[in-house]
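Coordinates in review
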Amino acid sequence: MTPRLETFGLTLRAGGKRLVEELTIGFEPGQNWAVLGANGSGKTTLLHALAGLRAAQSGEVRLDGVNIRELSARRRAQQVGILFQESPMPFPATTFETVLGGRHPHLGFWQQEGPADLEAATVALAAVGLADLAERPVTTLSGGERRRLELASLLTQDPALCLLDEPVNHLDPRYQMLLLRLVCARAQRPGHLNIFVLHDVNLALRFCSHALMLCGDGRTRHGPLDAVVDAGVLESVYGCPMREVRIDTGRLFLPG
Amino acid sequence: MTRNGRGLRLALLALVPAAFAVALAIGSVSLAPATLWQVLTGREHGLPATLVLDLRLPRALAAFAVGGLLALAGTLLQVLLRNPLADPYVLGVSGGAAVAALGSLLLGLGSAWVNANAFIGSLVVMLLVFGLSHGRGAWTETRLLLTGVVVATACGAIVSLMLALAPQAQVSTLLFWLLGDLGLGNAPWWALAVLAAGLLLALPFGRALNLYARGELMAAALGENVRRLRYGIYFLAALLTAAAVTLAGAIGFIGLVVPHLLRLVGDTDHRRLLVDAALLGGSLLVVADTLARTVLAPAQLPVGVLTALLGAPLFLYLLARAARLP
């Protein structure tokens, strides 16, 4: 299948450190990618570059064959959505208002939200279990509730490509499973795919089809998850011993 | 608009005529409501008509325009700096106006020159702060805020120097300008026009402002051209502030407290908040100016002193509440 999102010779540096060197990779519809790497290896930087929010040192990111930095922000946001690792909310707003912001790229300059937009926000809030908190000020939500609110905003935006930076941060096990299933199932829709930055290798094993591993020195490994991930690779990526455990549904990796 | 939002808007729309009624009726000669009504409907042509139509109405309109401008500029700058405690003067625009206006007063220029130079002074500072905060390195709101604060402080030092060196007889004139006063505000129509134009320019961006308030990255991720938006907010807010300062000096606290108050009562969507802030800011300054010219009559207090005296405790109260927010 033709990739929707591709990089060509993508090189990213931050603070003089090489994060990604000459990365050429294609992300195809139907795939769920896990981006894995140690702290500071450049996972977030890469995700921002893939979302078109950050310029590369060299190389480029293409969405459907077009350099993503040359698309208008609005056109880009209709196709690509991102869940940030942290989202400050310094001003009071209700949960519903915040989620409704996800419709922004789909509305014209003079247009107001219509019934379909309100419906999309309502459905998204219900999907993440926040229907009862729709009128609450976001400043009163707990960490996990805010994480779900941000996910609901992404679902309301309804982009074909979802990039998620540590989506399960602050979430309890029940919501970790619920939300990863919800997002991963979207990849079955025509033209849809997801890229997750994850810290938990075992969640990646369970939910993702492909992996992109950042080695911390600019080198990367990528491909189908089962072919890329083994104890030796994980040990070199994370710099700590990893033990592989077989269970009835597959395998697990335990650090230490 | 939610039911709650509509109720607030109705309350504000009722507040505006109430504030004007108070401003027009109260003064050295207080008018009964019936007399005021007769003047406003054109059935009374004597002294009360002169008082209301020639003196009090222009002044009240000027107060409304200035209050609205400051509240609108404050709302915009709070979003731009992503800081609910920013005010229209934080970027030094009023400092530039003050230096130019006091310089003109010291040189003995007429009031038209003082106003023109105040406006030019604020524009110079606007461009200076903008240029400096876009120097080498990335633009951040912290950098803009610090640049503005430092330039404002430098302007303050120049103002202090002028006050120290000024002939004794002129000091009170200078102080009156600095504290903010509407006594000279006899050209309210252009200020009202600026307010209307500012609202018309800002309103279509209300939805984008909602996103920008959640961070530049968030706004960019949801399809906004953040650089264009940032420049737009900056220059609009600076021009609105410059217009207000030129007309009435640096009247404090309106631009800080009004948006904050409205946010506290749940007015959080900027498509509503911008209009509501203009209405509330305008009405509050009309009332404050009425108090300023009547509390110690026949002496007139600079209205800036009054807004500061009323605004400071209110602001401290809001600050204490804000500490509980994350």
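Let us look at the structure shown here. Remember, predicted model here, so these are calculated numbers, not experimental data. (Residues numbered from 1 in each chain as written. Chains lettered and ligands numbered in written order. Predicted model: local features only at pLDDT ≥ 70, side-chain atom pairs only at ≥ 80, totals over all residues.)

Helices and strands together make up the secondary structure of chain B, namely 14 helices and zero strands. In summary, chain B has a C-alpha radius of gyration of 20 Å against a globular reference of 20 Å for 326 residues, a match within 12%. The principal-axis extents of the C-alpha atoms in chain B amount to approximately 65 × 55 × 35 Å. For chain B, the share of sequence-separated contacts (at least 6 apart) that also reach a separation of at least 24 residues comes to 77%. (Helix = DSSP H or I, 4+ residues; strand = E, 2+ residues; numbered from the N terminus. Rg over C-alpha atoms; globule rule 2.2 N^0.38 Å. Contact = placed C-beta atoms within 7 Å.)

A few words on the packing of helix α4 (residues 93-106) of chain B against helix α5 (residues 111-133) of chain B. A packed helix pair is summarised by two numbers, namely the angle formed by the two axes and the spacing between the axes. Residue and element names in this part refer to chain B. α5 packs onto α4 with a crossing angle of 145° between their chain directions and a minimal axis gap of 7 Å. In the crossing of α4 with α5, the sense of the turn from one axis to the other is right-handed. Contacts from Val 93, Ser 94, Gly 95, Gly 96, Ala 97, Val 99, Ala 100, Ala 101, Ser 104 and Leu 105 of α4 reach α5 at Trp 113, Val 114, Asn 117, Ala 118, Ile 120, Gly 121, Ser 122, Val 124, Val 125 and Met 126. (Axes fitted to C-alpha atoms, helices over the stretch in contact; angles between N-to-C directions. Left-handed = near helix turned anticlockwise from the far one by under 90°.)

Take the environment of Leu 262 of chain B next. Following the sequence through the fold, Leu 262 of chain B ends up in helix α12 (residues 254-264). Put simply, Leu 262 of chain B and Asp 276 of chain B are 14 residues apart on the chain and 7.8 Å apart in space, counted from C-alpha to C-alpha.

For the rest of this paragraph, the subject is the pairing of strand β7 (residues 161-165) of chain A. Strand residues, when the strand is regular, have side chains that alternate between the two faces of the sheet. Residues and elements named next belong to chain A. When you tally the buried positions in β7, you get five out of five residues, the bulk of the element. Across four bridges, strand β6 (residues 80-83) lies against β7 in parallel orientation. When the sheet's bridge partners are listed, Leu 83 is paired in β7 with Leu 164. Note that β7 and strand β8 (residues 193-197) share five bridges and pair parallel. Residue Leu 161 lies in a different strand from β8, and its bridge partner there is Leu 193. Each parallel crossover has a hand, and for β7 linked through helix α6 (residues 173-186) to β8 it is right-handed. (Buried ≥ 20, exposed ≤ 12 C-beta atoms within 10 Å, placed from the backbone. Pairing = 2+ DSSP bridges. Right-handed = clockwise from strand over helix to strand, strands pointing away.)

Quick look at the pairing of strand β2 (residues 17-27) of chain A now. Residues and elements named next belong to chain A. One ladder, built from seven bridges, connects strand β1 (residues 5-14) with β2; its direction is antiparallel. Pairing of Thr 7 across the sheet is with Ile 25, part of β2. Connecting β1 to the antiparallel partner β2 that follows it, the hairpin turn spans two residues, and Gly 15 within it adopts a positive phi of roughly 55°.

Here we come to the sheet that holds β2 of chain A. Residues and elements named next belong to chain A. Pairing is antiparallel across the open sheet formed by four strands, whose spatial order is β2-β1-β4-β5. Edge positions in the sheet fall to β2 and β5 (66-67), since each of these pairs with one other strand and no more. Pairing geometry for β1 and strand β4 (residues 58-63), over five bridges, is antiparallel. For Phe 8, the partnering residue across the bridge sits in β4 and is Glu 60. This element, helix α1 (residues 43-50), spans β1, β2 and β4 of the sheet and lies at about 135° to β1.

All names here are of chain B. For α4, which comprises 14 residues, the first-to-last C-alpha distance of 20 Å matches the rise-based estimate of 20 Å (1.5 Å per residue) to within 8%. Within α4, twelve of the 14 residues are buried, which leaves it mostly tucked inside the rest of the structure. Listing the buried residues of α4 in full gives Val 93, Ser 94, Gly 95, Gly 96, Ala 97, Ala 98, Val 99, Ala 100, Ala 101, Leu 102, Ser 104 and Leu 105. Considering only its buried residues, α4 is in contact with α5, α6 (141-165), α7 (168-179) and α11 (226-248). Gly 108 sits one or two residues past α4 and shows a positive phi near 75°. (Expected span 1.5 Å × (residues − 1).)

Turning our attention to the sheet that holds strand β3 (residues 32-37) of chain A. All names here are of chain A. Pairing is mixed in the open sheet, where six strands are placed in the order β6-β7-β8-β3-β9-β10. Both outer strands of the open sheet, β6 and β10 (220-224), are each paired with one neighbouring strand and no more. Strand-to-strand twist in this sheet, taken as the mean axis angle between neighbours without regard to direction, amounts to 15°. Contacts between helix α5 (residues 143-157) and the sheet are confined to β6 and β7, with β6 contributing the most and set at about 180° to the helix.

With that settled, the discussion passes to the nonpolar core. All names here are of chain B. Ranked by size, the top nonpolar core spans 178 residues in total, and within it Val 66 and Leu 69 carry the most contacts. The element contributing the most residues to this core is helix α3 (residues 47-80), with 17 residues. Excluding anything up to four places from it in sequence, Leu 69 contacts Ala 191, Val 194, Leu 195, Gly 198, Leu 240, Ala 243 and Ala 244. (Core = buried A, V, L, I, M, F, W, Y, C linked by C-beta atoms within 7 Å.)

Moving on to the packing of α12 of chain B against helix α13 (residues 270-294) of chain B. Residue and element names in this part refer to chain B. Where α12 meets α13, the axes come as close as 9 Å, and the angle between the chain directions of the two elements is 125°. Relative to α13, α12 is oriented oblique. Relative to α13, α12 is oriented so that their crossing is right-handed. Only Leu 273, Asp 276, Ala 277, Leu 280, Gly 281, Leu 284 and Leu 285 of α13 make contact with α12, whose side of the interface consists of Ile 254, Val 258, Pro 259 and Leu 262. Residue composition of the contact of α12 with α13, grouped by class: nine nonpolar, one polar and one charged. (Parallel < 35°, antiparallel > 145°, perpendicular 65-115°, else oblique. Nonpolar A, V, L, I, M, F, W, Y, C, P; charged D, E, K, R; others polar.)

Taken together, the contact pairs 25 residues of chain A with 22 residues of chain B. Ranked by the residues each element gives to the side of chain A that touches chain B, the list is headed by helix α2 (residues 73-79) of chain A, at four residues. Considered class by class, the residues forming the side of chain A that touches chain B number 15 nonpolar, seven polar and three charged.

What follows covers the environment of Leu 85 of chain B. Residues and elements named next belong to chain B. Within the fold, Leu 85 resides in the loop between α3 and α4. On the neighbour-count criterion, Leu 85 (14 C-beta atoms within 10 Å) is partly exposed. Along the primary structure Leu 85 and Gln 38 are separated by 47 residues, whereas in three dimensions their C-alpha atoms are 44 Å apart.

A few words on α3 of chain B. Residues and elements named next belong to chain B. In a regular helix each residue adds 1.5 Å, so 34 residues correspond to 50 Å; α3 covers 48 Å between its end C-alpha atoms and thus fits that length. A maximum bend of about 40° is found in α3 at Arg 56, where proline Pro 58 lies one to four positions downstream. For α3, a buried count of 24 out of 34 residues is recorded, marking the element as mostly surrounded by other parts of the structure. Positive backbone phi, at 50°, marks Arg 82, one or two positions downstream of α3. (Bend = angle between axes of the 7 residues up to and from the residue.)

Residue and element names in this part refer to chain A. Despite not being glycine, Glu 22 has its phi angle at roughly 50°, a positive value. Following the sequence through the fold, Glu 22 ends up in strand β2. Positive phi outside glycine occurs at Glu 166, with the angle close to 50°. Within the secondary structure, Glu 166 is located in the loop between β7 and α6.

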